[in-house]
Amino acid sequence: MIATRALYSDVIRERWRRPRFRGELPGATAVAEDVNPLCGDRVRLMLRLDGVRIVAAGFVGDSCAICTASADVLAELVVGRPAAEARAVAAGDLLAVLQADIRPTRMRCVTLPLSVLAQALNGGGA
Amino acid sequence: MIATRALYSDVIRERWRRPRFRGELPGATAVAEDVNPLCGDRVRLMLRLDGVRIVAAGFVGDSCAICTASADVLAELVVGRPAAEARAVAAGDLLAVLQADIRPTRMRCVTLPLSVLAQALNGGGA
Amino acid sequence: MRLHEITRGDFPVLGRVVNGHPLVYLDSAASSQKPRTVIEAMSQYYARSHANVHRSIHTLGEEATELYEGARDRVQRFIGAQSREEVVLTRGTTDGLNLLADALCAGLAPGDEVLITEMEHHSNIIPWQLAARRQRLALRAVPVTGSGLLDLDALDRLLSARTRVVAFTHVSNVLGTINPVAEVCARARRAGAVTVVDGAQAAPHLALDMSLLGCDFYVFSPHKMLGPTGIGVLWGRRERLEALEPTRGGGEMIKEVWLDRAQWNDLPWRFEPGTPPIAEAVGLTAAVEYLEKLGMDRVGEHERALTRQALAGLAALPGVRVFGPPASVSRGAVVAFAVEGLHPHDVAALLDAEGIAVRAGHHCAMPLMHRLGVVGTARASFSVFNAPDEIDHLVRTVADLRSVL
Amino acid sequence: MRLHEITRGDFPVLGRVVNGHPLVYLDSAASSQKPRTVIEAMSQYYARSHANVHRSIHTLGEEATELYEGARDRVQRFIGAQSREEVVLTRGTTDGLNLLADALCAGLAPGDEVLITEMEHHSNIIPWQLAARRQRLALRAVPVTGSGLLDLDALDRLLSARTRVVAFTHVSNVLGTINPVAEVCARARRAGAVTVVDGAQAAPHLALDMSLLGCDFYVFSPHKMLGPTGIGVLWGRRERLEALEPTRGGGEMIKEVWLDRAQWNDLPWRFEPGTPPIAEAVGLTAAVEYLEKLGMDRVGEHERALTRQALAGLAALPGVRVFGPPASVSRGAVVAFAVEGLHPHDVAALLDAEGIAVRAGHHCAMPLMHRLGVVGTARASFSVFNAPDEIDHLVRTVADLRSVL
Ligand SMILES: Cc1ncc(COP(=O)(O)O)c(C=O)c1O
Ligand SMILES: Cc1ncc(COP(=O)(O)O)c(C=O)c1O
């Protein structure tokens, strides 16, 4: 039997199977996409801002369970917040929700959505 | 004191100091030049043919003592002979005259003039 | 004795324990492991004989030059090339394809056509895209059939008097398809096109004979065939190489240089500017020696047996999709597969937790992924040291995967 | 302790006996020897961690990627680059210069000018000749003064609004001249030109700091600085690299590929198509670590002392001519010389008979040879492991040479 628990927490498995924020976001006002060059994971994050406040978020991409769960949690964390606060979300905040013991080599799966968020809020390339 | 005798015979030293066929050959009818890619030695061989017979030979170049002596001996060996006979001159013939115990890695210094001769007789590039 | 019983002890890395399990390395198509003789040949070279090659009159320089040029001779025999001058040592398949795309396309006219295929690796796509943009050429691709084969009828329709180059892979790194090189080259030649074959996935597994293949250029990467990183092989038919103007300059590729002009060196050095990969050439010789001692026929047989075993085992699993031609067709030593409900990266990560190394992703063949309608696949690939029970272990572990995520 | 007393035991090759004499290796400018740590780092890598890099989710792939990318970080610190994205790993100095000549000249207009110098290595001449022919650019060379220095007045006269690129060597591989990089770059920048510096002979001997040099691009070869063959370094100022369109394609340098177009990857991978020299990157890390442990200031000091000793010793011999700036000027670790009545190849062969390895020939700097009025020279060059008594041995042996041929 595969030692899966060491790799994927229940939260990751749940968010992978039934992500809450996956899908195109019509009327997005800030969009960015990036790739993790180490594994090829790709995430595109879409935000709708009302003034400085993020009022909706969505993501699409081609990414593993960890990265998908991370993007989903990130989307949940930033909706309703001002951009400045969203920018302050850190890897630790995501890990706290994911409740997983991520190996150092997979940390970039967690952090890719964060860097895409930063790009989107900086008006980075769609 | 340098173990020069192992490297250079008296014939090589003599031919290096006072080559008999070194110099441009006015009215040359067959010319070729080549480089030993291993060391960078370069020899340009000039022949004057009268019908099929080589009536004069000369060489210029930028080459070490062994290669220079080899070219000088080769020029001497081919002058007066028909091209077909000149073509038949082999490395062994040159070594017999040079009276040297050439290491395998320096054999190309001996044979470069031979391949230039073949090119010249085949109408190869000037 | 099966081949792996002879070879396993020769590969130091197989002693590795990964996540508590003995390493099962099934990623040789990306880069193979190295036998001890290859590793030691390079160490010995550095410890005894290293110097720069060519134009050197000292003992180490002569030794290094003989070793470097000796690799060329060894490769010549290994691939059945007519002469050593036809063997150019490059930095890899990608490097060779860039060299060829630059040099072959330099003289082409706007509207001339380059033909590739839908199953190419990015390394056999982008260099032609760049050249096409520069020279305003048309770049077209031969489609792949539903069963993963080159569509030869479409090839005939695409070939025309404007086709100048046909560049295609010998063996697909995703589908495992072995393309009919001689057949494609014959058709291309009739259309007057130069042929370039990407042999990256073929050279490690098939006995090669350049005189039978019928192509004009053939490139491959020693690091995929038990040899070192940092070196590549480009074979070119002599008259084709002679006609090619160099597009890269530097030391060693010239005979004479003035500030405003230069005279090229002879083949093959004309295409080897700068200090070449010397220690890597020594490792390449050792890799070829190792493969020749095993015998390429036997190597191919062993890997085909493993491939059949993996295909049959994986295809029988519920929720597992296997890509490429049916097992009845002779295939290269790769099996790409997908597990329903799992991202390929997770398949790889979960297998890695059991010590099994497979690759996952688009395998540098995105156009083929688009054609297959997937974002990526997992891929197991095999080499001389893989054992049948490693394939069993793979199949058993994949069977468990769907329950864990 | 002098540096060689610390280092000699680290170089396995120094145990070599050549023609009955202990090896005296004075050809490091062509390619240096390697300390044990470099050789073993690569063997260990192949024996434990080899896999292809990037896009790999298995343990070995992750290890190999960390090691490969770790080399970039190490080089970044070693040369004082602002960020790791500015460090591109190539196949050598020649490779880097070809990449730059292709990419920088692609957008230039007929009549635009590229400026090199009379003391360049062929690797910094031919790539610009090829690009100049392709784009119909003018290629000009800054002359060298009688004392072997760059003629800076001539530089000013040659620089104009048409000058787009100034490419020149940091240290001459023949004369040993250390060019005033910051000064030349400042003048070039005022003229609006991009600057490319060939650091092949500087990186092994000088402490480098990209922020002080003021150039836009800097390239060098690890095999000349105790590292392996098969790898190179190209540093580029970030905004210059960002503005450069890649001219070589393949795997890893793209983010997304369609049959007719592609989207480039981020820096630095954009300029690293195909499987990179992975084991070589591991060796490069070990070489940089070795040099950093010694300290580049101390390395340079040691080599300058040997150079001064050789210059003084050889210049004092009757019939021996020494090239390059006077000993009073700070020089690189090479001494080119000629012995009256002897061809340089024979000088090298005769010294080799005594176990002394020097290089002889045009040193891939034919235009400089024309300028000096010679067909070639002998050249002794020095590294961290050379000892003062080796220099004495060289000088004594050269003193005897004229009598033997
Ligand atoms: C000044 C200079 N530039 C360029 C090169 C070429 O370096 P490589 O052969 O490693 O590409 C060399 C060394 O041969 C050199 O000395
Ligand atoms: C079919 C094919 N072509 C080209 C390449 C590129 O080879 P390399 O990365 O060694 O240049 C590969 C391997 O990655 C391949 O599988």
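Here the structure is a predicted model, which means the values were calculated and not measured. (Residues numbered from 1 in each chain as written. Chains lettered and ligands numbered in written order. Predicted model: local features only at pLDDT ≥ 70, side-chain atom pairs only at ≥ 80, totals over all residues. Heavy atoms only, no water.)

Undergrad: Requested: an account of the interface of chain B and chain D, with residues and values cited.
TA: On the side of chain D, 19 residues touch chain B, which itself brings 20 residues to the contact. In total, chain B and chain D occlude about 1,600 Å² of area from one another, counting both sides; carbon and sulfur atoms represent 56% of this. At the junction of chain B and chain D, the tally comes to 1 salt bridge. Across the pair aspartate 352 of chain D and arginine 103 of chain B runs a salt bridge, and its minimum N-O distance is 3.4 Å. Here chain B and chain D share 8 residue pairs in polar contact (both at pLDDT 80 or more) between them. Only α1 (4-7), α2 (10-17) and α3 (65-78) of chain B provide two or more residues apiece to the side of chain B that touches chain D. If one sorts the elements of the side of chain B that touches chain D by residue count, α2 of chain B sits on top with 3 residues. For the side of chain B that touches chain D, the per-class residue count stands at 10 nonpolar, 3 polar and 7 charged. (Contact = heavy atoms within 4.5 Å. Buried area = accessible area lost by both parts, 1.4 Å probe. Salt bridge = Lys/Arg side-chain N within 4 Å of Asp/Glu carboxyl O. Polar contact = N/O pair within 3.5 Å; in protein donor to acceptor, adjacent residues only side chain to side chain. Helix = DSSP H or I, 4+ residues; strand = E, 2+ residues; numbered from the N terminus. Nonpolar A, V, L, I, M, F, W, Y, C, P; charged D, E, K, R; others polar.)

Undergrad: So, the pairing of strand β8 (residues 194-198) of chain D: which residues are in play, and what are the values?
TA: All names here are of chain D. Counting buried residues along β8, 5 of its 5 residues qualify, which places the element largely inside the surrounding structure. Side-chain alternation along β8 places Val194, Val196 and Asp198 on one buried face and Thr195 and Val197 on a second face that is also buried. Sheet analysis places strand β7 (residues 163-169) next to β8, joined by 5 bridges and oriented parallel. For valine 165, the partnering residue across the bridge sits in β8 and is valine 194. With respect to chirality, the unit in which β7 leads through helix α7 (residues 181-190) into the neighbouring parallel β8 is right-handed. Bridge count between β8 and strand β9 (residues 217-220): 3 bridges; the pairing is parallel. Residue pairing across strands places aspartate 198 opposite valine 219, the latter belonging to β9. (Buried < 20%, exposed > 50% of the residue type's maximum accessible area, 1.4 Å probe, protein only. Pairing = 2+ DSSP bridges. Right-handed = clockwise from strand over helix to strand, strands pointing away.)

Undergrad: Now, about the packing of helix α2 (residues 36-48) of chain D against helix α10 (residues 278-294) of chain D: what can you tell me, with residues and values included?
TA: Residues and elements named next belong to chain D. For the pair α2 and α10, the least separation of the axes is 8 Å and the interaxial angle reads 145°. The handedness of the crossing between α2 and α10 comes out as right-handed. On α10, the residues that touch Thr37, Val38, Ala41, Met42, Tyr45 and Tyr46 of α2 are Ile278, Ala279, Glu280, Val282, Gly283, Ala286, Ala287 and Tyr290. (Axes fitted to C-alpha atoms, helices over the stretch in contact; angles between N-to-C directions. Left-handed = near helix turned anticlockwise from the far one by under 90°.)

Undergrad: Describe the relation of the copies chain C and chain D, listing the residues and the values that go with them.
TA: Mapping chain C onto chain D is achieved by rotating through 180° and translating by 0.0 Å along the same axis, at an RMSD of 0.0 Å. The two molecules are tied by a two-fold rotation axis, judged by turn and shift. Rotation axis and chain C: the residue whose C-alpha lies nearest the axis is glycine 230 of chain C, separated from it by 2.7 Å. Mapped onto chain D, 100% of the interface residues of chain C are again interface residues, and the two copies thus contact each other with one and the same surface. (Least-squares fit on C-alpha atoms with pLDDT ≥ 70 in both.)

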